[in-house]
Amino acid sequence: MACNFCKSDLYIKTVQYTKPLLAPMTRAEELRQELLDLTGEVYLQIPNEYCAMCGEKITRTPKERGGEK
């Protein structure tokens, strides 16, 4: 039986010391990079295979993981 947190994504807050090399494609990405310049904080998604709360193994299709289609 899966808990409420089994389907949620897991993020970690890190500090980024360098600027991205690519120019922003959209206004949203431009704002995200501007916020990164001001704070230096960025949230990265961690690929999780087990639920952080209950410890149950998470089975996802590649499409749900954002990988191959």
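The structure this text deals with has already been given above.
Now for a look at the structure at hand. A quick note: this is a predicted structure, and the numbers were derived from the prediction, not measured.

## Structural notes on the pattern of salt bridges
Next, step 1: What the rule picks out here adds up to 5 salt bridges.
Next, step 2: In this structure, Lys13 engages Glu41 in a salt bridge whose closest nitrogen and oxygen atoms are separated by 3.6 Å. Here Lys13 is found in strand S1 (residues 10–15), whereas its partner Glu41 is found in strand S2 (residues 41–46), with 28 residues between them in sequence.
Next, step 3: Looking at Lys13, the relative accessible area reads 47%, which means it is partly exposed.
Next, step 4: Between Arg32 and Glu29 there is a salt bridge, with the nearest N and O atoms lying 2.8 Å from each other. One end of the pair, Arg32, and the other, Glu29, are both in helix H1 (residues 27–39), 3 residues apart, so they sit about a helical turn from each other.

Reading guide: rules and limits
Residues numbered from 1 in each chain as written. Predicted model: local features only at pLDDT ≥ 70, side-chain atom pairs only at ≥ 80, totals over all residues. Heavy atoms only, no water. Salt bridge = Lys/Arg side-chain N within 4 Å of Asp/Glu carboxyl O. Helix = DSSP H or I, 4+ residues; strand = E, 2+ residues; numbered from the N terminus. Buried < 20%, exposed > 50% of the residue type's maximum accessible area, 1.4 Å probe, protein only.

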